[in-house]
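# Descriptive structure summary
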Amino acid sequence: MKAYTKAELIVRKRKMILFAAILICVSVLSLLIFTNRADAKDSRPVYTYYTSYEIQPGDTLWTIADQFSGPDYIDKADFIDNVKRLNHMSDDNITSGKYIVVEYSSYEKL
């Protein structure tokens, strides 16, 4: 094992302190940058609307979710559960020609 001189130990310690300081600065800057982006994305108001939708042949609740789910719904299953709740549905069966109420959201005010 090599014995370090006092000068070598001081240099080594300064390098470690400099590395730790750089690591902390990078971490803090990254946190600030990503926090500001998330706040900016969430700061826009989201408006909720309801519409009557006529079920087309071949439609499923999943395809309807593709058309109407907006900024409020990240998960399609949550959107479908809401549609079923609004229309008092106990299962996923829908019939073409029938109407259902669909909640949708938008960043734009109508």
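Our structure is the block above this text.
Here is a short report on the structure shown in this document. As the structure is a computational prediction, the values presented were derived from the model and not from experiment.

### Digging into a nonpolar patch on the surface
A cluster of nonpolar side chains, namely I24, V28, L29, L32, I33 and F34, defines an oily patch on the protein surface of about 600 Å² accessible area. Turning to its location among the elements, L29 is positioned in helix α1 (residues 6-42).

### Some points on helix α3 (residues 76-86)
All of the buried residues along α3 are F79, I80, N82, V83 and K84. On its buried face, α3 sits against α2 (61-68) and β2 (99-106).

### Remarks on the pattern of salt bridges
Applying the stated criterion to the full structure yields 2 salt bridges. Residues D66 and K76 are paired through a salt bridge, measuring 2.3 Å at the closest nitrogen-oxygen approach. In this pair, D66 sits in helix α2 while K76 sits in helix α3, placing the two residues 10 residues apart along the sequence. By relative accessible area, which is 30% here, K76 ends up partly exposed. A salt bridge links K84 to D92; the shortest N-O distance between them is 2.9 Å. Look at D92 and you get partly exposed, because its relative accessible area is 43%.

### Quick notes on the environment of I80
You can see I80 is positioned in helix α3. With 11 residues separating them along the chain, I80 and S69 place their C-alpha atoms 9.2 Å apart. Each residue touching I80, except ones within four places of it in the same chain, is listed here: L61, W62, A65 and D92.

Calculation criteria
- Residues numbered from 1 in each chain as written.
- Predicted model: local features only at pLDDT ≥ 70, side-chain atom pairs only at ≥ 80, totals over all residues.
- Heavy atoms only, no water.
- Patch = residues over 30% accessible without salt bridge, like charges linked within 9 Å, V, L, I, M, F, W, Y side chains within 5 Å.
- Areas by Shrake-Rupley, 256 points an atom, 1.4 Å probe, with all protein chains shown as cover.
- Salt bridge = Lys/Arg side-chain N within 4 Å of Asp/Glu carboxyl O.
- Helix = DSSP H or I, 4+ residues; strand = E, 2+ residues; numbered from the N terminus.
- Buried < 20%, exposed > 50% of the residue type's maximum accessible area, 1.4 Å probe, protein only.
- Contact = heavy atoms within 4.5 Å.

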